[in-house]
Amino acid sequence: MTIPAQLDRTRRFTLGAPSQITISPDGRTLFFLRSGRLWSMTDGREHLVADRDVDSYAADEACQVLACTAGGRLWTVRPADGLVRDIPADGPVTDPRPDPTGRRIAYVRDGALHVDGRPLAVPEGPEVTYGLPEDVAAGSIGRTRGYWWAPDGQALLVARVDNTPVQRWYIADPADPAREPRVIRYPVAGTPNAEVSLWITDLDGGRTPVDIRGMEYLTAAGWDAHGPYAAVQSRDQRHVQVLAVDPGTGATEVLAEQHDEHWVRLVPGLPARSTAGVLYTSADLDDTRRLLADGKPVTPPGLQLGEVVAVDGEAVLFTACDDPTETHLWLYDGELRRLSDEPGVHTGTRRGGTTVLGRRVLGTDAEIASHAELPALDLRMELRSVGPRELRTALFLPSWHRPSDGPLPVLMDPYGGPALRKVTTEPAWWTYVSQWFAEHGFAVLAVDGRGTPGRGPAWEREIVGDLAGPVLADQVEALHAYDHPALDLTRVAIRGWSFGGFLAAMAVLRRPDVFHAAIAGAPVTDQRMYDTHFRERHLGHPARNPEAYDRSSPLLEAAALTRPLLLIHGLADDNVVAAHTLRFSAALLAAGRPHEVLPLPGAGHRASQEHLLAHQLDFLRRALGLTGRQ
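In what follows, the accompanying structure is described.

### Points about the overall build of the protein
Along the backbone of the protein there are ten helices and 43 strands. Relative to the compact-globule value of 25 Å for 630 residues, the protein shows a C-alpha radius of gyration of 25 Å, a close match. Summarising its shape, the C-alpha atoms of the protein cover approximately 70 × 55 × 55 Å along the three principal directions. Counting every position in the protein, which comprises 630 residues, the buried fraction comes to 56%. Taking contacts inside the protein between residues at least 6 apart in sequence as the whole, the part at least 24 apart equals 59%.

Here's what the structure looks like:
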């Protein structure tokens, strides 16, 4: 079994691994999904809760009722006695959740919010939904929910989304001309977003509007023992307010505010409140993203806050890093301490005094077994900081390579963008892809440059107004600063997907003296065709900053291509639509620049890997004049 085949068959090594962990209030029982089944573990002993397929589940406050979905079907199970009850619904349901008392089940069907099968909030038109996040919230902001129960189960805080102002796009299937195009609402930079409002809704269907103070984005919301709350952000993303909501009138009071001259970075899991009502937020201070408790920093300079994963009483569990190659789990309960010891990328959750760290449960010495398949390759990875900027790099060499074998052609394999970093001590799925290319005769180098997370606010904001220049400069600097005899700088290729694809295209357009071939998968080639929240964060509004969009769009530099370039795109991609590659190809053709295009019928933004990686390997060998293993 090869790595490309494994990636597809194991869903990138996630099949068999525990996920969606929920802890009971007393901390004794864990619920989790593994291999499409719902399991529990008490005192270290596992139990299959129900022998049914499960896509996702949610629990009431006491974990006495679990609402489960599979293929849009809804059912509940009581862990105490294993009683399973099918809940009929006239169509597929989304996001079912028991109320905190366990007496009722809410879910969304056909854009309407239902409680116990009865429609509670019904859309006024075909473009309106209740209880769901809009496209920007789910894709760029990180808010995946659209309704929140009151603690007593007598009311809900509900998001209403009106997509009428958002432009329509049509995703067709050229491989099946008889199929009608799929219609999506996609708000590109500079165009109207969905209109999002927030409502207090009682069980009789009565609704009270919440004053979100004219802000464009609803970034977070919830309802705890202190009442409903929400976080909102301005269109330019420079202003965020945390609001307390009066459940009777919908009036709001500002609890906290953030301002930044470029953008306020949203931290997953925030805002949050402790049992005593301490409000946790974040702020960028001392070039550090810091955790605040009632406005006061509780984490030190240099420790970069990543995500708040749980609030348990007066304890806050969060991830943070002081070295961008690692992420550790930290606890603040009046004192600050790190819970993870071994190098790596850690996360977890906590409730009832029990903390789940990776696969270990602190305090009980129990383990949730992972049945995930092990990769078919061993990593030969070297982490190093290079150059005056101390750029973090990961070098992958073939397992068979020895110094006497001489230098190898170099394959740069970055992501390079603000969404993630590739250079960590975590053996993520993409590290095995890099190793797979190395086994076929390359020295593979991944570099995290300016704009990537984990190195502080100033580092992230180096790309304001220019997504290409600083990022590409760091790739070149790291390549030249990496002093290693295995690197043959006369044969250098670069490959990437999404932001990495954009970066690869820019590399051969602007630096053909360094990069001799490129593979650009699903690249954004016209920044005006990407979504509002993510793109306007870095480049501003295109009407006010057109030059920023122009300098960051390879579409406008097509005539500069002199090196072999392979463009790959899924034709069903609704994140970065295939028009990016098709228009870029048209511009290259018009400029008389030879290139290759590989369309992937039916594929979205995440494409199947098995044969695709083999095709890329073949292109690299042809483009660099290679034959077989070097």
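There is more to say after this.
### Describing the packing of aromatic side chains
Per the stated rule, a full pass over the model turns up seven aromatic pairs. Centre to centre, the rings of W429 and W430 are 5.8 Å apart; their planes meet at 75 degrees, and the pair counts as edge-to-face. What makes W430 buried here is its relative accessible area of 19%. Put simply, the rings of Y415, F499 and F502 touch in pairs and so form one group of aromatic residues. The ring of W75 carries the charged tip of R52 above its face, separated from the ring centre by 5.1 Å. Its end group placed over the ring of Y482, R384 keeps NZ or CZ at 4.2 Å from the ring centre.

### Quick word on the sheet that holds strand β30 (residues 328–332)
Taken together, four strands build an open sheet; the order of strands is β28-β29-β30-β31 and the sheet is antiparallel. For this open sheet the edge positions go to β28 (304–312) and β31 (336–338), each flanked by a neighbour on one side alone. This sheet shows a mean twist of 25 degrees between the axes of neighbouring strands, independent of strand direction. When β30 meets β31, the two strands line up antiparallel, connected through three bridges. Bridging from a neighbouring strand, Y332 pairs with L336 of β31.

### Here's the deal with the nonpolar core
Grouped together as the largest cluster of nonpolar side chains are 50 residues, with contacts concentrated most on M412, L479, L487, F515, L565 and F584. Apart from residues lying up to four places away in sequence, F515 is in contact with M412, L472, V476, V492, I494, A507, V508 and R563. Core analysis: the second largest hydrophobic core is formed by 31 residues, A446, L598, L613 and L626 among them.

### With respect to the pairing of strand β22 (residues 239–245)
With seven of seven residues buried, β22 is to be regarded as a mostly interior element. Of the two faces of β22, the one carrying H239, Q241, L243 and V245 and the one carrying V240, V242 and A244 are both buried. Counted along the chain from strand β21 (residues 227–233) to the antiparallel partner β22, the turn is five residues long, and its residue Q237 has a positive phi close to 65 degrees. Strand direction decides the pairing type here: β22 and strand β23 (residues 252–259), joined by seven bridges, are antiparallel. Bridge pairing in β23 links A244 to E253. Hairpin connection of β22 to β23: six residues between the antiparallel strands, including G250 at a positive phi of 80 degrees.

### Some details on the environment of L374
In this structure, L374 sits in the loop between β35 (366–367) and β36 (381–386). Overall, L374 belongs to the exposed group, its relative accessible area being 70%.

### Topic: the environment of I568
Its place among the elements puts I568 in strand β42 (residues 565–570). Remark: the alpha-carbon pair of I568 and L582, spanning 14 residues in sequence, is separated by 9.9 Å. Contacts of I568, omitting those with residues within four sequence positions, involve W497, I519, A520, G521, A522, P523, T581, L598, L600, L612 and Q616.

### Points about the state of the cysteines
Here a disulfide denotes one covalent bond, and it connects the sulfur atoms of two cysteines. Following the criterion strictly, the structure yields zero disulfides and no others. Of all cysteine sulfurs, the one in C68 lies closest to C63, which takes part in no disulfide; the gap is 12 Å. Of the residues examined, C63 reaches a relative accessible area of 6% and is grouped as buried.

### Describing helix α3 (residues 429–439)
In terms of burial, α3 is largely enclosed, as ten of its eleven residues are buried. All of the buried residues along α3 are W430, T431, Y432, V433, S434, Q435, W436, F437, A438 and E439. One or two positions beyond α3, positive phi appears at G441, with a value near 110 degrees.

### Looking at the packing of α3 against helix α10 (residues 610–624)
It is at 11 Å that the axes of α3 and α10 come closest, and there the two elements cross at 40 degrees. Relative to α10, the element α3 lies oblique. The element α3 and its partner α10 pack so that their crossing is right-handed. Together, V433, W436 and F437 of α3 and L613, A614, Q616, L617 and L620 of α10 make up the contact between the two elements. Across the contact of α3 with α10, the residue classes tally to seven nonpolar, one polar and no charged.

### A short note on the side chain of T10
Residue placement: T10 occurs in the loop between α1 (3–9) and β1 (19–23). A polar contact of 2.6 Å, which involves the side chain of T10, links it to the backbone oxygen of Q6. A polar contact of 2.8 Å, which involves the side chain of T10, links it to the backbone nitrogen of F13. Setting aside residues up to four positions removed in sequence, T10 forms contacts with L15 and E373.

### Points about the packing of helix α5 (residues 469–481) against helix α6 (residues 499–510)
Relative orientation of the contacting elements α5 and α6 amounts to 75 degrees, with a least axis distance of 10 Å. Relative to α6, α5 is oriented roughly perpendicular. Along its contact with α5, which presents G469, V471, L472 and Q475, the element α6 presents F499, L503, M506, A507 and R510.

### Things to note about the sheet that holds strand β8 (residues 83–87)
As summarised here, the arrangement of the four strands in space is β5-β6-β7-β8, forming an open sheet in which the pairing is antiparallel. Taken across any chain shown, the strands that pair with only one partner, and hence form the sheet edges, are β5 (56–59) and β8. Shown here is a sheet whose adjacent strand axes are inclined to one another by a mean of 25 degrees, direction ignored. Two elements, strand β6 (residues 66–70) and strand β7 (residues 73–78), share five bridges in a ladder whose sense is antiparallel. When the sheet's bridge partners are listed, L66 is paired in β7 with V77.

The rules behind these values
- Residues numbered from 1 in each chain as written.
- Predicted model: local features only at pLDDT ≥ 70, side-chain atom pairs only at ≥ 80, totals over all residues.
- Heavy atoms only, no water.
- Helix = DSSP H or I, 4+ residues; strand = E, 2+ residues; numbered from the N terminus.
- Rg over C-alpha atoms; globule rule 2.2 N^0.38 Å.
- Buried < 20%, exposed > 50% of the residue type's maximum accessible area, 1.4 Å probe, protein only.
- Contact = heavy atoms within 4.5 Å.
- Phe/Tyr/Trp six-rings, centres within 6.5 Å; stacked < 30°, edge-to-face > 60°.
- Lys NZ or Arg CZ within 6 Å of the ring centre and 35° of its normal.
- Pairing = 2+ DSSP bridges.
- Axes fitted to C-alpha atoms, helices over the stretch in contact; angles between N-to-C directions.
- Core = buried A, V, L, I, M, F, W, Y, C linked by side-chain atoms within 4.5 Å.
- Disulfide = S-S within 2.5 Å.
- Parallel < 35°, antiparallel > 145°, perpendicular 65-115°, else oblique.
- Left-handed = near helix turned anticlockwise from the far one by under 90°.
- Nonpolar A, V, L, I, M, F, W, Y, C, P; charged D, E, K, R; others polar.
- Polar contact = N/O pair within 3.5 Å; in protein donor to acceptor, adjacent residues only side chain to side chain.

The analysis is restricted to geometry; functional conclusions fall outside its scope.
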